[in-house]
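Notes for the structure review
The lines below spell out each chain.
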Amino acid sequence: MPLGVLIPVKVQDLLVADKAVSSSWEMNGGTRLQPVVMGLGQAAGALAALAVQTGKHPHEVPVADVQQLLLDHGCYLLPFLDLKPGEAGFRELQEAGVRGEVKGIGRSVNWSNETWVKLPDNE
């Protein structure tokens, strides 16, 4: 989800997370999932910390700075299950996903939804 969903348009220096984020009706169903809610909270906390540290309003903090801080603390940017935080290549995989160089493929496993890296076709 874009970082902007955490930043109200008409209110300065307030961040929202959980079900209060701004989303379309198509995306709203995805915001109810606990890993998404947790990620939104982590992003809101990182954004708030960076805004305070830099003396900027949240909308002035670069998204890349928030992403780097989250990765510095072992957070996921994308839900790829191929590598866990702390494993070699985790950060690089997350960064490649954000750049669109790798995509995820969803799998339904019992009652769990999983996302794994879909490697580009070699054709």
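Residues numbered from 1 in each chain as written. Predicted model: local features only at pLDDT ≥ 70, side-chain atom pairs only at ≥ 80, totals over all residues. Heavy atoms only, no water.

**A word on the packing of aromatic side chains**
The final tally for this structure, using the stated rule, is 1 aromatic pair. Between Y76 and F90, the aromatic rings sit 5.2 Å apart at their centres with planes inclined by 90°, giving edge-to-face as the arrangement. Residue Y76 is found in the loop between α3 (63–72) and α4 (90–98), and its partner F90 is found in helix α4; the two are separated by 14 residues along the sequence. (Phe/Tyr/Trp six-rings, centres within 6.5 Å; stacked < 30°, edge-to-face > 60°. Helix = DSSP H or I, 4+ residues; strand = E, 2+ residues; numbered from the N terminus.)

**Overview of unusual backbone geometry**
Even without glycine at this site, D13 takes up a positive phi of about 60°. A residue is classified by how much of its surface remains accessible, and D13, at 52% relative accessible area, is exposed. Notably, N110 is not glycine yet its phi reads approximately 55°, a positive angle. For N110, the position within the fold is in the loop between β1 (103–109) and β2 (112–118). (Buried < 20%, exposed > 50% of the residue type's maximum accessible area, 1.4 Å probe, protein only.)

**With respect to α3**
All of the buried residues in α3 are V66, L70 and L71. The buried residues of α3 occupy one face: seen down the axis, they fall within an arc of 135°. Along its buried surface, α3 packs onto α2 (34–54) and α4. Looking one or two residues beyond α3, the residue adopting positive phi is G74, at roughly 75°. (Arc of directions from axis to C-beta. Contact = heavy atoms within 4.5 Å.)

**Things to note about the packing of α2 against α3**
Where α2 contacts α3, the two axes come as close as 9 Å, and the packing angle between them is 115°. Classed by the angle they form, the pair α2 and α3 counts as roughly perpendicular. In the packing of α2 onto α3, the handedness of the crossing is right-handed. Across from Q42, A43, A46, L47 and L50 in α2, the residues of α3 making contact are D65, V66, L69 and L70. Classifying every residue of the contact of α2 with α3 gives 7 nonpolar, 1 polar and 1 charged. (Axes fitted to C-alpha atoms, helices over the stretch in contact; angles between N-to-C directions. Parallel < 35°, antiparallel > 145°, perpendicular 65-115°, else oblique. Left-handed = near helix turned anticlockwise from the far one by under 90°. Nonpolar A, V, L, I, M, F, W, Y, C, P; charged D, E, K, R; others polar.)

**Some thoughts on the pairing of β2**
Alignment of β1 against β2, held across 7 bridges, turns out to be antiparallel. Note that in β2 the partner of V109 across the bridge is S112. Connecting the antiparallel pair β1 and β2 is a turn made up of 2 residues, with N110 showing a positive phi of about 55°. (Pairing = 2+ DSSP bridges.)

**A closer look at the pattern of salt bridges**
One pass over the structure, following the stated rule, counts 3 salt bridges. Between E101 and R99 there is a salt bridge, with its nearest N and O atoms 2.8 Å apart. A network of salt bridges, in which partner residues are shared, links D72, R91 and E95. (Salt bridge = Lys/Arg side-chain N within 4 Å of Asp/Glu carboxyl O.)

None of the figures reported here should be taken as evidence of function without further support.
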